[in-house]
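# Observations on the three-dimensional arrangement
If you want the building blocks of each chain, they are given just below.
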Amino acid sequence: MDRRYGCRPCPILFILLIALFCLATGCERSEPAGAEQGLELEFDRAELMLIVATERNRYEEVYTDQIWDVVISENGTTFQDHLLDQIKLFATDIQVIVAMAGERQIQLDNSEKELIRRLAQDYYSRLTPGDKAYTGADEEDVQGLYEDYHLACKTVEALTEDAGLEISDSEAKVIHIQQIVLQDEASARKVYEQVQAEGADFALIAQSNNTAGENDRKLERGAVSSRVEEAAFVLTTGEISPVIEENGRYHILKCVSDYDQEATLKRKEELSRLRKDAALREAYDAFLEEHPLSMSDEIWLGISCKTREDTSTTDLFELYKEYFPDR
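Residues numbered from 1 in each chain as written. Predicted model: local features only at pLDDT ≥ 70, side-chain atom pairs only at ≥ 80, totals over all residues. Heavy atoms only, no water.

### Side note on the overall build of the protein
Looking only at helices and strands, the protein has twelve helices and six strands in total. A buried classification covers 47% of the 327 residues belonging to the protein. Contacts in the protein between residues far apart in sequence, at least 24 positions, make up 79% of those at least 6 positions apart. Accessible area for the protein stands at about 16,800 Å²; split by element, carbon and sulfur atoms hold 44% of it. (Helix = DSSP H or I, 4+ residues; strand = E, 2+ residues; numbered from the N terminus. Buried < 20%, exposed > 50% of the residue type's maximum accessible area, 1.4 Å probe, protein only. Contact = heavy atoms within 4.5 Å. Areas by Shrake-Rupley, 256 points an atom, 1.4 Å probe, with all protein chains shown as cover.)

Pasting the structure below:
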């Protein structure tokens, strides 16, 4: 991922919000494709401009208005082109998932609608005259965007709620090790005798002898070769492994902690996110196979990040999180 242009929190709603994450990280994603009963998407220009204004202002705060003409690819793509392409993908994801909600009869209840109405009123009241002139949006447009966004979030949760529930502590387990990696067996045997000596300081010996990799690291399953992983995960706290040969390299491991609780919890959350992501991708792609996209690019003509209007809005999605903190 290209992180030259900053970072924002990534909402944990995967395909829908991976595009939002891409606005900040510059990652690439191809447009979806499918082939059966068409799905024609229609966009509201004012709603699109609310997103454009938010992202435009956020970048200008850091990089000034000089960012828009910066060329970021060999084919001459400017940062403005890239950002607008990512917004297009994000808006497309919202509309596709809203269509998925309709097929699954997922709807907003009255309490959600009322909270969104208040959210839209709050957000619109914060817009400057320049924001309103640039976006062309009224309060109804703000409410429409938030309703679609919230319905898409709700649909994502419904589609993925069971996907990440079966992750065990054993699968997510993270351990803390110190390691020494050497290039020949004779050196490895000599160093192994040193670390086994009474009172030996493994970390200090590693610092003097390790020829590759980190001396001290957190280790999760799948991060190293199967032979090294197998040896590492059977160690108990304080235990040192025998010399492990793997592809001409010789490893000696010391287990500092055979269960890092905090890191294991984070790993479990990461695995849960990845499984939910995969579940959503599967549902999303299956939907598009039955309903290939059809949409006009006409609405995007003339949309630009360059404006003389005095715009300042940056909190379109941050304010949403204040009203819906669990999303």
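### Looking at the packing of aromatic side chains
Summed over all chains, the structure comprises eleven aromatic pairs. The interplanar angle of 20° and the centroid separation of 6.4 Å between the aromatic rings of Tyr 59 and Tyr 63 together place this pair among those described as stacked. Remark: Tyr 63 and Tyr 59 occur in helix H2 (residues 45-63); sequence separation between them is four residues, near one turn of the helix. Here Tyr 59 falls in the buried class, since its relative accessible area comes to 1%. Its relative accessible area of 27% is what places Tyr 63 among the partly exposed residues. Seen from their ring centres, Phe 90 and Tyr 149 are 6.3 Å apart, and the 65° between their planes marks the pair as edge-to-face. Of this pair, Phe 90 sits in helix H3 (residues 79-103) while Tyr 149 sits in helix H6 (residues 139-160); the two residues are 59 residues apart in sequence, bridging distant segments of the chain. The residues Phe 90 and Tyr 149 share a single accessibility class, namely buried. A cation sits over an aromatic face here: Arg 58 above Tyr 59, 4.6 Å from the ring centre. It is Arg 221 that lies over the ring of Phe 233; its NZ or CZ is 4.2 Å from the centre. (Phe/Tyr/Trp six-rings, centres within 6.5 Å; stacked < 30°, edge-to-face > 60°. Lys NZ or Arg CZ within 6 Å of the ring centre and 35° of its normal.)

### Re helix H12 (residues 316-323)
Listing the buried residues of H12 in full gives Leu 316, Phe 317, Leu 319 and Tyr 320. Along H12, the residues classed as buried sweep out an arc of 155° about the axis, all on the same side. (Arc of directions from axis to C-beta.)

### Quick notes on a negative patch on the surface
Where like charges cluster on the molecular surface, the negative patch consists of Glu 282, Asp 285, Glu 289 and Glu 290. Mapped onto the fold, Glu 289 is located in helix H11 (residues 261-290). (Patch = residues over 30% accessible without salt bridge, like charges linked within 9 Å, V, L, I, M, F, W, Y side chains within 5 Å. Salt bridge = Lys/Arg side-chain N within 4 Å of Asp/Glu carboxyl O. Lys, Arg positive; Asp, Glu negative; His and termini not counted. Charge placed at Lys NZ, Arg CZ, Asp CG, Glu CD.)

### Comments concerning the pairing of strand S5 (residues 249-257)
With seven bridges joining them, strand S2 (residues 174-182) and S5 adopt antiparallel strand pairing. In the strand pairing of S5, His 176 is matched with Ser 257. Where strand S4 (residues 244-246) lies against S5, three bridges are found, and the strand directions are antiparallel. Counterpart to Glu 245 in the pairing with S5 is Tyr 250. (Pairing = 2+ DSSP bridges.)

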